[in-house]
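# Descriptive analysis of the structure
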Amino acid sequence: MSEKKPSVLEGFKAFLLRGNVIDLAVAVVIGAAFTNIVNAVVKGVINPLVGAFGTKDLDAYSSCLKDPCRPGPDGEMQGIQIMWGSVLGATLQFLITAAVVYFLMVLPMSKYLARRAAAQKAKEGVQETLVVTELEVLKEIRDVLVAQRGTGAAGSGAPGTPRPGDVR
């Protein structure tokens, strides 16, 4: 009477067939393609705009913390050089990516979900009103029936016995 435990392969198959894994895979692929677009915008638009004020390559912006900041005879950099231009470029890429994701994906989706929630709430409100209205009508019918029995009960014998003039 022991339960059969699922095999590792069956568990892996169940994991792969869950919708979350497919959604995640699609998101990674779209994210990689989107990264290429952002990199192209930074390289083709942002860098030339920065280049109007200095050098076209953001990676060329640096500061020397300890002299001499130049390549030595073996090609290795001497001194201590801080490459703040590459940090600026990465920051710009992040900000552009975040802005595009927010304005083209997050904001429209949140507006859509808010509209959908409002429509659902309105629909539930209408259904609740109908239920309340039906309940009120049933109460009114009950009250009328009780009132009819109350006025007719004094003149007749047992409850439920037909009175003269009742239509059945």
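Residues numbered from 1 in each chain as written. Predicted model: local features only at pLDDT ≥ 70, side-chain atom pairs only at ≥ 80, totals over all residues. Heavy atoms only, no water.

## Remarks on the overall build of the protein chain
Helix and strand content of the protein chain: three helices and two strands. Listed N to C, the secondary structure of the protein chain is α-α-β-β-α in terms of helices and strands. Evaluated residue by residue, the protein chain yields a buried proportion of 7% over its 168 residues. At a minimum sequence separation of 6, the contacts of the protein chain that also span at least 24 residues come to 30%. (Helix = DSSP H or I, 4+ residues; strand = E, 2+ residues; numbered from the N terminus. Buried < 20%, exposed > 50% of the residue type's maximum accessible area, 1.4 Å probe, protein only. Contact = heavy atoms within 4.5 Å.)

## Side note on a nonpolar patch on the surface
A contiguous nonpolar surface patch, about 450 Å² in accessible area, is contributed by L65, I80, I82, W84 and L88. Breaking the nonpolar patch down by element, the ones donating at least two residues are β2 (80-82) and α3 (84-153). Mapped onto the elements of the fold, L65 is located in strand β1 (residues 63-66). (Patch = residues over 30% accessible without salt bridge, like charges linked within 9 Å, V, L, I, M, F, W, Y side chains within 5 Å. Areas by Shrake-Rupley, 256 points an atom, 1.4 Å probe, with all protein chains shown as cover. Salt bridge = Lys/Arg side-chain N within 4 Å of Asp/Glu carboxyl O.)

## Side note on the environment of G85
For G85, the position within the fold is in helix α3. Overall, G85 belongs to the buried group, its relative accessible area being 0%. For the pair formed by G85 and Y61, sequence separation is 24 residues and the distance between their alpha carbons is 4.4 Å. In this structure, G85 is in contact with L58, D59 and Y61, ignoring residues within four places of it in sequence.

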